[in-house]
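A structural walkthrough
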Amino acid sequence: MVYIKNLDIKSFRGISSLQLSDLSPINILTGDNNCGKTSVLEIIQSYADPGDLRVWGSLLRRDTTQPLRLDSFSYYEGFYDLFDVNKDEKRVEYIVHNSREESENRDHVVLTAVQGEEEMSQEEYNDLAGIFRISDEEVLDDSILIVPKIDVQIILNDELAGQACIAEGQRRNIYKNNKVVRRKDERNIIYISPSRHAEGRVYLTDILKYPELYDEMLDILKEYDEGIISINYDNDSRYSGRGIYKILSRSCKEALPLNVYGDGMKKAILLMSAVLKAQNGILLLDEFETAIHTSAMDRTFRWILETCLKLNVQVFLTSHSKEAIDKVLKCSEKVRAHTALYTLYKTANKITARRLTGEKAVEVQDEMGLELR
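Let us look at the structure shown here. Since we're looking at a predicted model, the values are computed, not measured.

**Regarding the overall build of the chain**
A count of helical and extended segments in the chain gives eleven helices and 16 strands. Contacts in the chain between residues at least 24 apart in sequence constitute 65% of all its contacts with a sequence separation of at least 6. For the chain, the exposed surface amounts to about 18100 Å²; the carbon and sulfur share of it is 44%.

Below you can see the structure in the form of structure tokens.
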């Protein structure tokens with residue numbers, strides 16, 4: 001199991017010199033909007049394999065459900081936005097102290113970008129930009145273009161781990177001159193965005209392997225559909241040429257695709273199945289309460305977090321909802337005893353963090369009437 005003990009973010013997006021110390025099995029990040037909560041999760045997400053540009057590419061903030069259009073997001077813009085816009089030096093840097101298999105480890109990750117230009121043919125540029133010829137007979141433009149670029153390097157523990165060239169306007173996930181010099185074992189880190197449930201992608205294959213946990217999950221899902229009987233994978237090719245998950249319920253004459261259910265059911269299934277996917281790893285839940293009705297939060301999050309403790313999953317949750325945080329802190333004594341709450345504060349120069357244990361957070365909120373966020 002990978003367990004992050006301390007995280008020191010030197011520079012990433014709008015974060016400068018943020019330290020999160022004494023991290024717990026369950027960690028809640030809260031604070032005002034734009035204080036860096038999601039950025040913290042993204043840094044941890046990159047730690048899955050920080051020497052691989054594809055991992056960094058997964059952090060780019062775009063709608064992954066839509067194809068890239070010529071007037072939309074490019075990879076050049078996405079990578080450029082990883083760096084502090086107010087600094088001339090384009091540098092992402094963080095240090096992780098972790099424990100793995102009873103040994104302690106320290107990883108120092110640096111991502112840099114240097115701006116420049118590159119000559120390329122119109123055909124090379126069209127390929128990167130996702131522009132394709134209509135037919136082989138179409139006349140090729142043999143002109144040479146001068147295209148802005150960024151040369152990206154990844155340094156892991158003072159050694160070159162990867163490098164690539166990313167051109168302006170690039171909308172295809174192709175990194176010119178991509179080199180991965182040294183790879184480490186990929187860590188199991190699962191990130192769930194606030195809107196991921198709308199995509200209909202879940203990890204039910206993993207939870208179907210555990211009959212006891214599957215039965216527990218069905219019992220929790222009665223909060224959303226009291227007649228639920230089972231969830232099964234249907235290979236019927238009528239649905240998008242691939243199988244889908246279907247829910248059998250006493251309230252319907254036949255099993256229905258998961259996608260026809262409401263957001264609450266889809267979000268609950270996604271979160272519960274993600275726990276199994278993250279076994280012996282790290283689970284990142286951004287705005288974890290999104291789409292979950294407050295009446296169902298107690299049982300849903302008690303199961304999620306207690307199962308994470310059982311399966312050696314370290315959890316990081318973000319929220320700015322006082323009610324949702326309160327539900328998590330009070331869902332069970334076991335969860336509260338293994339929880340730390342970090343409130344992020346943005347000042348003119350940097351972001352700082354206040355740490356409270358789960359027990360202290362409840363005391364501060366209930367007995368002293370102080371605001372946790």
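**So, the environment of Thr112**
Among the secondary structure elements, Thr112 is positioned in strand 5 (residues 103-121). The spatial distance from the C-alpha of Thr112 to the C-alpha of Ile155 is 8.3 Å, given a sequence separation of 43 residues. In contact with Thr112, not counting residues within four places along its chain, are Phe83, Lys90, Arg91, Asp151, Val152 and Gln153.

**So, the sheet that holds strand 13 (residues 282-285)**
Strand order in the open sheet formed by six strands is 9-13-14-3-15-16, and the pairing between neighbours is mixed. Only two strands of the sheet have a single neighbouring strand rather than two, namely strand 9 (189-192) and strand 16 (351-357). Going across the sheet, the axis of each strand differs from the next one's by a mean of 15°, ignoring polarity. Bridge analysis of strand 3 (residues 26-31) against strand 15 (residues 339-346) gives six bridges, and the strand direction is parallel. Considered in strand 15, the bridge of Thr30 is made with Thr343. Along the sheet, helix 8 (residues 294-310) contacts strand 3, strand 13 and strand 14 (314-318); its crossing angle with strand 14, the most-contacted strand, is approximately 150°.

**Structural notes on helix 1 (residues 37-46)**
Burial analysis of helix 1 places nine of its ten residues in the buried class, which makes it a mostly covered element. When helix 1 is considered as a whole, its buried residues turn out to be Lys37, Ser39, Val40, Leu41, Glu42, Ile43, Ile44, Gln45 and Ser46.

**Quick look at the sheet that holds strand 11 (residues 244-249)**
Within the open sheet, the three strands sit side by side as 10-11-12. Their pairing is antiparallel. Two strands bound the open sheet, and with one partner strand each, they are strand 10 (228-234) and strand 12 (256-257). Sheet analysis places strand 11 next to strand 12, joined by two bridges and oriented antiparallel. Each bridged residue has a counterpart across the sheet, and for Ile247 the counterpart in strand 12 is Leu256.

**Considering the nonpolar core**
Residues Ile192, Leu221, Ile231, Ile269, Leu283 and Ile304 are the most contacted members of the largest nonpolar core, which totals 55 residues. Broken down by element, this core gets its largest block of residues, nine residues, from helix 7 (residues 263-277). If we ignore the near neighbours within four places in the chain, the residues touching Leu283 are Ile190, Ile192, Ala274, Val275, Ala278, Cys308, Val313, Gln314, Val315 and Phe316. Judged by nonpolar contacts, the second largest core, of 48 residues, contains Val40, Trp56, Tyr76 and Leu284.

**As for unusual backbone geometry**
Its identity as a non-glycine residue notwithstanding, Asp158 has a phi of 70°, on the positive side. If you check the backbone angles, Glu287 has positive phi at about 50° while not being a glycine. Relative to the helices and strands, Glu287 is located in the loop between strand 13 and helix 8.

**Some words on the pairing of strand 14**
Buried residues dominate strand 14, accounting for five of its five residues. In strand 14, alternate side chains face the same way, and those of Gln314, Phe316 and Thr318 on one face and Val315 and Leu317 on the other are all buried. The sheet contact formed by strand 3 and strand 14 spans four bridges and is parallel. Within the sheet, the bridge partner assigned to Leu29 lies in strand 14 and is Thr318. Across four bridges, the pairing between strand 13 and strand 14 is parallel. Paired with Leu283 across the strands is Val315, a residue of strand 14. In this region the chain leaves strand 13, passes through helix 8 and returns to the parallel neighbour strand 14; the handedness of that crossover is right-handed.

**A few points about helix 11 (residues 358-366)**
Within the span of helix 11, buried status applies to Gly358, Ala361, Val362, Val364 and Gln365. For helix 11, the angular spread of the buried residues around the axis is 165°, confining them to a single face.

**Observations concerning the packing of aromatic side chains**
Applying the stated criterion to the full structure yields three aromatic pairs. Ring centres of Tyr76 and Tyr80 lie 6.3 Å apart, and the angle between their planes is 10°; this geometry places the pair in the stacked category. Note that Tyr76 and Tyr80 are positioned in helix 3 (residues 75-80) at a spacing of four residues, about one turn of the helix. According to the relative accessible area criterion, Tyr80 is partly exposed, its value standing at 26%. Between Tyr233 and Tyr245 the ring centres are 5.0 Å apart and the planes differ by 65°, which places this aromatic pair in the edge-to-face class. Note that Tyr233 is positioned in strand 10 and Tyr245 in strand 11, a separation of twelve residues in sequence. Among the residues examined, Tyr233 registers a relative accessible area of 42% and is labelled partly exposed. Since its relative accessible area comes to 12%, Tyr245 is described here as buried. One Lys or Arg, Arg187, reaches over the ring of Tyr47 and ends 3.8 Å from the middle of that ring.

About the cut-offs
Residues numbered from 1 in each chain as written. Predicted model: local features only at pLDDT ≥ 70, side-chain atom pairs only at ≥ 80, totals over all residues. Heavy atoms only, no water. Helix = DSSP H or I, 4+ residues; strand = E, 2+ residues; numbered from the N terminus. Contact = heavy atoms within 4.5 Å. Areas by Shrake-Rupley, 256 points an atom, 1.4 Å probe, with all protein chains shown as cover. Pairing = 2+ DSSP bridges. Axes fitted to C-alpha atoms, helices over the stretch in contact; angles between N-to-C directions. Buried < 20%, exposed > 50% of the residue type's maximum accessible area, 1.4 Å probe, protein only. Core = buried A, V, L, I, M, F, W, Y, C linked by side-chain atoms within 4.5 Å. Right-handed = clockwise from strand over helix to strand, strands pointing away. Arc of directions from axis to C-beta. Phe/Tyr/Trp six-rings, centres within 6.5 Å; stacked < 30°, edge-to-face > 60°. Lys NZ or Arg CZ within 6 Å of the ring centre and 35° of its normal.

Treat this as a map of the structure, not an account of what it does.
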